[in-house]
Amino acid sequence: MWLAELSLVDVRSYQALNCSFNPGVTVLVGRNGQGKTNIVESIGYLATHTSHRVASDAPMIRLGAHQALITGEVVTKERQVLLELAILQGRANKARVNGVPVPRFREALGYLTSVTFSPEDLGIVKGDPAERRRFLDELIMQHRPRMAAVYSDYEHTLKQRNALLKSGLARPNGGQPSAAAFTSMLAVWDEQLVKLGAQLTVARLAMVEQLAATIVSTYATLAQGAAVLDVALAYRSSALKPDDDSKDNVSLPNDEQSWTALLDEALLKARAQERARGITVVGPHRDDLVLSLGPHPVRGFASQGECWSLALALRLASINVLASQGDSPVVILDDVFAELDSGRRLMLRDFLTGVDQVFITAAVEEDLPSELVADRLDVRDGTVSPRAA
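Now for a description of the structure that goes with this document. (Residues numbered from 1 in each chain as written. Predicted model: local features only at pLDDT ≥ 70, side-chain atom pairs only at ≥ 80, totals over all residues. Heavy atoms only, no water.)

1. Digging into the packing of aromatic side chains
The final tally for this structure, using the stated rule, is 2 aromatic pairs. When the ring of Phe21 is compared with that of Phe359, the centres are 4.8 Å apart and the planes differ by 80°; the resulting orientation is edge-to-face. Here Phe21 is found in the loop between β2 (14-20) and β3 (24-29), whereas its partner Phe359 is found in strand β13 (residues 357-362), with 338 residues between them in sequence. Its relative accessible area of 5% is what places Phe21 among the buried residues. Judged by relative accessible area, which is 0%, Phe359 ranks as buried. Seen in terms of ring centroids, Phe117 and Trp308 are 5.8 Å apart; in terms of plane orientation they differ by 75°. Their pairing is edge-to-face. With Phe117 in strand β8 (residues 114-117) and Trp308 in helix α8 (residues 304-323), this residue pair connects regions lying 191 residues apart in the sequence. (Phe/Tyr/Trp six-rings, centres within 6.5 Å; stacked < 30°, edge-to-face > 60°. Helix = DSSP H or I, 4+ residues; strand = E, 2+ residues; numbered from the N terminus. Buried < 20%, exposed > 50% of the residue type's maximum accessible area, 1.4 Å probe, protein only.)

2. Focus on the pattern of salt bridges
Using the criterion set out here, one finds 15 salt bridges in the structure. Ionic pairing is found between Glu84 and Arg96, a salt bridge with its closest N-O pair at 2.9 Å. Here Arg96 lies in strand β6 (residues 94-97) and Glu84 lies in strand β5 (residues 80-88), a separation of 12 residues in the sequence. Overall, the relative accessible area of 18% leaves Glu84 in the buried class. With a relative accessible area of 38%, Arg96 lands in the partly exposed category. For Asp190, the salt bridge identified is with Arg271, shortest N-O distance 2.9 Å. Taken together, the residues Asp190 in helix α5 (residues 179-222) and Arg271 in helix α7 (residues 271-277) connect sequence positions 81 residues apart. (Salt bridge = Lys/Arg side-chain N within 4 Å of Asp/Glu carboxyl O.)

3. A word on the sheet that holds strand β9 (residues 231-236)
Spatially, the 3 strands line up as an open sheet ordered β9-β10-β11, and their pairing is antiparallel. Two strands bound the open sheet, and with one partner strand each, they are β9 and β11 (296-297). (Pairing = 2+ DSSP bridges.)

4. Quick notes on the layout of surface pockets
Estimated volume of the largest pocket: approximately 890 Å³. Taken together, 25 residues make up the lining of the largest pocket; nearest its centre are Thr50, Met141, Tyr151, Ser152 and Glu155. When contributions to the lining of the largest pocket are tallied by element, the ones reaching two or more residues are α1 (36-48), α3 (129-143), α4 (147-170) and α5. Partitioned by chemical class, the residues of the lining of the largest pocket number 12 nonpolar, 6 polar and 7 charged. What the second largest pocket holds in volume is close to 430 Å³. Lining the second largest pocket are 26 residues, and of these His52, Asp121, Arg134, Glu138 and Arg315 lie nearest its centre. Of all the secondary structure elements, the ones that give two or more residues to the lining of the second largest pocket are α1, β8, α3 and α8. If you tally residues by element for the lining of the second largest pocket, the top one is α3, at 6 residues. Its residues assigned to classes, the lining of the second largest pocket comprises 8 nonpolar, 10 polar and 8 charged. (1 Å grid on protein atoms, 1.4 Å probe; cavity = no way out; pocket = protein on both sides within 12 Å on 5 of 7 lines; lining within 4 Å. Points joined across faces, edges and corners; volume = space filled by probe spheres on them. Nonpolar A, V, L, I, M, F, W, Y, C, P; charged D, E, K, R; others polar.)

As C-alpha cells, then:
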C-alpha cells in the first residue's frame, strides 16, 4: 500500500499544496516551522481521522478558513482509491470515496492504513492511561474499521449517562419525581454502556494479544542487548478489583458475554460512588494498558532509553498487526531520528525494509541513518520541491 498523490487545501500552514510520491522512502527535509510535519500529519489523518499532534480537528484548519480539505490517491495490490476528507469548522466532517459521498465520516476508514512514530509517542509509555487507550483504539479502528461505529456509540452513551448522573448530583432525588424514576432512566443507559463496553474490551484484549506476539523480540533488538528485561503487556479493567487483575491476562475472559456480566456487576457496585461524583467510574474509558519491564512497571522505573525503545517497539509491532491483513501500512517517522543514537537509527532503517512506503521528516540530513536510499524533498516556506542531487 502506498500514497501516490496528496492534495491539501487550507490545511495548517498550506493554502494549497499538491505532491506526488513514489513507493519506498521519502524524506522531507527542512528547518523547523517550514511545514514538514503538517504534510505527514495530513497523511496520517487520511488513515486514522485523527492527528498525532492534537486531540481535536480544529487546529488543522488554516487560520481564517472555514474548512480544510485533504485528498489522497491510495494504491494497493488490488485497487486504486481516491479519498477526500473535509474537516469542517463547527460541523460534522464529511468524506468521499472515489468521488461518492459516504453517509458517515468514519466510513472512509480502512482504505489507507498508517503507523506514525513521533516524539509524542513517549506519552504512550510515560503518560496517563488516556494515551495508551488512544494508542490501542486507533490501531483497532484501522485493523477493524467497523469498530469505529462501536466507539462512536459508546462515547455517545457515556456522555448521556454522565449528563444524567450530573443531574442527580444537582438534585438528590435524581432530578426526577422519584428515585425509582431516576434508576429506571439510568438502567437504559446502563444496558447500552455494558453492551458496547463488552465489545470494546474484547477488541482491546485481542489487540494486546497480537501486539504481545512480536513486541518482546522487537524490544530486545532495539535495546541492543544491554541488560534487556522481558517486556509484558497487560490489560487492566476498571470492572475488576486490583487483586483480580492479572499481569499476563491469563485470568481475563475474552468473550463479550463474560464482560457484559462483569461490567453490569461493577456498575451496580459503583452506583453510590457514581451518584456522589456525578460521573461514570466503570467502563473501557477508565481502563489501562499496563507496560512492564521485568517485575517493574515502566512508569517511574524505566530509563529514557528504555522508554524510547519500548515506544518504538509498540509502533513496529503495530506495523506487523496491520500488515497481517495483506498490505503493509504507510509508515511515518516524524522527527524521530534526531532522538535516536546511531545504532537505533540503523536498526530502525533495517526494520522498515519490507514496508511499501515510508515518510521521514528531518531538520538536517545529518539526522538520517547512513546509506538511506530515499527520494528527498526540500520543504521551505510552504513549498515542496525535489532536492538537488
